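Here is what each chain is made of, one letter per residue.
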Amino acid sequence: MHGDATFGFTTTAEWPPQEWTHASPPVGWPGDDGEAGWAALHNSAPAADSAYAVGIADTGTDTDTDEPAWALDASAAVQREALAAAATNAPGGWSAAVLERFCPVTPGREDPAEALAAESPEPDADRTAAELDAPGLLDAIRGTQRLINWAQALQQRYIAALARPGVALPLGDLVDVAASPLGVAMDVPEATSPAALLVDPMWGPALRDAAVKVAAVEIGCALRVAPITARARTERAVLMADELPGTLAAQQRGDLDGYRASIIAEGTTELNPECRRAVERAVLPTAADRTPSRVREVVDREVARIDPDAAARREQVARQRRGVRVERGQHGMGTVRADVSTPDAEVTFQVLDRIAAAVQAAGLAAGRGRSQIRADVFTDLFKDLAATGWAST
């Protein structure tokens, strides 16, 4: 029932239907019994053994008479209750139908080209997001976020399933990939079945790694993303499914967003599976209620508590990844990124800032702000080195 785009129930001799639990039909309105009021609310008279939608989508029944005020108020109350439920209930098709009701695609504008060519938007005349009050809009925003969390978790499960050995590529062919220079670079043992190699201490990890590589290629083509992005997403999905199942389940329930889930995953990379699960159990109950920066602090604290040596290992790995690179920007700009130790980064910034302060104090800022001067000092140092072999301050 909840997976349908339209949430409905079938009217029978019993009123109200027992299966409807999201809102109660109107009771005690002057001049109306419950069934008649509920039918008037939705512009549809219930008939025996007929199904009609409640609070989610229109029944399509037209009327030439204006609805009474009590019906409009009741309709707004049902809609408001539906949005509040979408903001807290398990996400899915029902929630999507509730949320999209207030932001429908304009008929005739389903084609993106037509929508872009339109001079002005033509929102649905009856229900638009602008008609909601502030609490309704906030509930809709929370509800859509839960849908995003849910969809991202589902996608990770599908990616992890594709990355299992023998799925994206037959197991026999996968053995050849694992035996290549990209894998273990060894001959395949004779008279050994591919299935037996999966449990081999050396070949098992090689086959799983090869399966991830093959799946990443397929995913990169399907989603049209760079190979490095596809590989990272595939590895993350396998990690979440295998080693952080609680985090992935919380995301699929809509409670946890992908960013907070990634903080838990990245913060536990240096732990063994058992310690990683222990950190997950300690962090997960409150992760959704904390800001991302606070989640990171809690993860780091729990990692240090459970495995005191993990912080030192993470710092060592981070130092090995130090480097400098240039990223081409837009409008003639670029970014120089230096991954260095925190003390070295602080020294670099303080030197640039002191020179910039001296330039301002000398009245040479020429309309530039402190940050702009720091950037100019940074580039001038390297221009001098390139031109003369030494830098002037």
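Scroll up for the structure.
Figured I'd write up the structure that's included with this text.

Rules used throughout
By convention here, each chain's residues receive numbers from 1 onward along its written sequence. Per-residue local features of the predicted model are confined to residues with pLDDT of at least 70, and side-chain atom pairs are confined, for both listing and counting, to 80 or more; whole-chain, interface and lining totals are unaffected and use all residues. Values reported for side chains reflect all heavy atoms of the structure, with hydrogen atoms and water molecules removed beforehand. Helical segments are the DSSP runs of H or I of at least four residues, strand segments are the runs of E of at least two, and each set is numbered from the N terminus. With a 1.4 Å probe rolled over the protein chains alone, any residue whose accessible area is under 20% of its type maximum counts as buried; one over 50% counts as exposed, and the rest are partly exposed. By the convention used here, residues are in contact when the closest approach between their heavy atoms is within 4.5 Å. The method behind every accessible area is Shrake-Rupley, applied with a 1.4 Å probe, and residues are considered shielded solely by the protein chains displayed. Here, nonpolar core means buried Ala, Val, Leu, Ile, Met, Phe, Trp, Tyr and Cys residues that are tied together by side-chain atoms lying within 4.5 Å of each other. The salt bridge definition used is simple: a Lys or Arg side-chain nitrogen within 4 Å of an Asp or Glu carboxyl oxygen. Angles here are taken between N-to-C directions and fall from 0 to 180 degrees, while the axes themselves are lines fitted to C-alpha atoms, restricted in helices to the stretch in contact. Throughout this description, any angle smaller than 35 degrees is read as roughly parallel, any larger than 145 degrees as roughly antiparallel, any in the 65 to 115 degree range as roughly perpendicular, and the remainder as oblique. Take the far helix as the reference: if the near one is turned anticlockwise from it by less than a right angle, the crossing is left-handed, and if turned clockwise, right-handed. Residues are grouped as follows: Ala, Val, Leu, Ile, Met, Phe, Trp, Tyr, Cys and Pro are nonpolar; Asp, Glu, Lys and Arg are charged; all remaining types, including Gly, are polar. DSSP calls a pair of strands paired once it identifies at least 2 bridges connecting them. Expected helix span is taken as 1.5 Å per residue step, with the number of steps being one fewer than the number of residues. Surface patches are drawn from residues lacking salt bridges whose relative accessible area is over 30%; two like charges belong together within 9 Å, two nonpolar side chains (Val, Leu, Ile, Met, Phe, Trp, Tyr) within 5 Å. Any pair of N or O atoms that falls within 3.5 Å is considered a polar contact. Within protein, one atom must be able to donate a hydrogen and the other to accept it, and sequence-neighbouring residues count only if both atoms are side-chain atoms.

It is worth spelling out the overall build of the protein chain at this point. Looking only at helices and strands, the protein chain features 16 helices and four strands. Within the span of the protein chain, comprising 393 residues, buried residues form 31% of the whole. A fraction of 54% describes how many contacts in the protein chain between residues 6 or more apart in sequence connect residues 24 or more apart. Of the roughly 23,600 Å² that the protein chain leaves accessible, carbon and sulfur atoms contribute 56%.

Attention now goes to the nonpolar core. Core analysis: the largest hydrophobic core is formed by 21 residues, its most contacted members being L256, I264, V283 and V295. If you tally residues by element for this core, the top one is helix 12 (residues 273-287), at five residues.

Moving on, we get to the pattern of salt bridges. Following the criterion strictly, the structure yields 21 salt bridges and no others. Notably, a salt bridge pairs R146 with D255, separated by 3.1 Å at the nearest N-O pair. Residue R146 is located in helix 5 (residues 134-162), and its partner D255 is located in the loop between helix 10 (245-252) and helix 11 (258-267); the two are separated by 109 residues in the primary sequence. For R146, a relative accessible area of 12% translates into the label buried.

Contact geometry of helix 15 (residues 342-361) with helix 16 (residues 370-388) gives a least axis separation of 8 Å together with a crossing angle of 110°. When the interaxial angle is binned, helix 15 and helix 16 end up roughly perpendicular. By crossing handedness, the relation of helix 15 to helix 16 is classed as right-handed. Residues F349, L352, D353, I355, A356, A357, V359 and Q360 of helix 15 lie in contact with helix 16, whose contacting residues are R370, I373, R374, V377, F378 and L381. Split by residue class, the contact of helix 15 with helix 16 holds 10 nonpolar, one polar and three charged.

Regular strands have side chains that alternate between both faces of the sheet. Of all six residues that make up strand 3 (residues 323-328), zero are buried, and the element is exposed over most of its length. By the bridge criterion, six bridges tie strand 3 to strand 4 (residues 334-339) in an arrangement that is antiparallel. Bridging across to strand 4, V326 finds its partner in V336. What sits between strand 3 and strand 4 in their antiparallel hairpin is a turn of five residues, with H331 showing a positive phi close to 60°.

A positive phi angle, near 55°, is found at R224, a position not held by glycine. Mapped onto the elements, R224 comes out in the loop between helix 8 (203-223) and helix 9 (227-243). Positioned with a positive phi, H331 is a non-glycine residue whose angle comes to about 60°. Along the polypeptide, H331 turns up in the loop between strand 3 and strand 4.

This brings us to the packing of helix 5 against helix 8. Angle between the axes and distance between the axes: these two values describe a pair of packed helices. Look at helix 5 against helix 8: their axes get within 9 Å of each other, and the N-to-C directions meet at 135°. When the axes of helix 5 and helix 8 are compared, the pair comes out oblique. Judged by the twist between their axes, the crossing of helix 5 over helix 8 is right-handed. For the pair formed by helix 5 and helix 8, the contact residues are Q155, I159 and L162 on the first element and A215, E218, I219 and L223 on the second. Its residues assigned to classes, the contact of helix 5 with helix 8 comprises five nonpolar, one polar and one charged.

With that settled, the discussion passes to helix 2 (residues 69-86). The terminal C-alpha atoms of helix 2 lie 26 Å apart, and with 18 residues this matches the ideal 26 Å at 1.5 Å per residue to within 8%. Restricting attention to buried positions, one finds in helix 2 the residues A71, A74, S75, V78, Q79, A82, L83, A85 and A86.

Looking at where N149 falls in the secondary structure, it is placed in helix 5. When sequence neighbours within four positions are dropped, the list of residues in contact with N149 reads Q251, G254, D255, L256, D257 and G258.

Moving on to a nonpolar patch on the surface. A contiguous nonpolar surface patch, about 300 Å² in accessible area, is contributed by V324, V326 and V336. With respect to the helices and strands, V326 occurs in strand 3.

So, on to the environment of N89. Here N89 is to be found in the loop between helix 2 and helix 3 (93-100). Among the residues examined, N89 registers a relative accessible area of 29% and is labelled partly exposed. Spatially, the C-alpha atom of N89 lies 8.5 Å from that of G254, the residues being 165 residues apart in sequence.

Here R236 lies in helix 9. Given the relative accessible area of 27%, R236 is considered partly exposed. In this structure, the C-alpha to C-alpha distance between R236 and A160, residues 76 residues apart in sequence, is 8.6 Å. Ignoring sequence-local partners within four residues, the contact set of R236 consists of Q156, S262, A265 and E266. Among the polar contacts made by the side chain of R236, one reaches the side chain of E266 at a distance of 3.4 Å.

Spatial relationships are all this shows, so hold off on functional conclusions.
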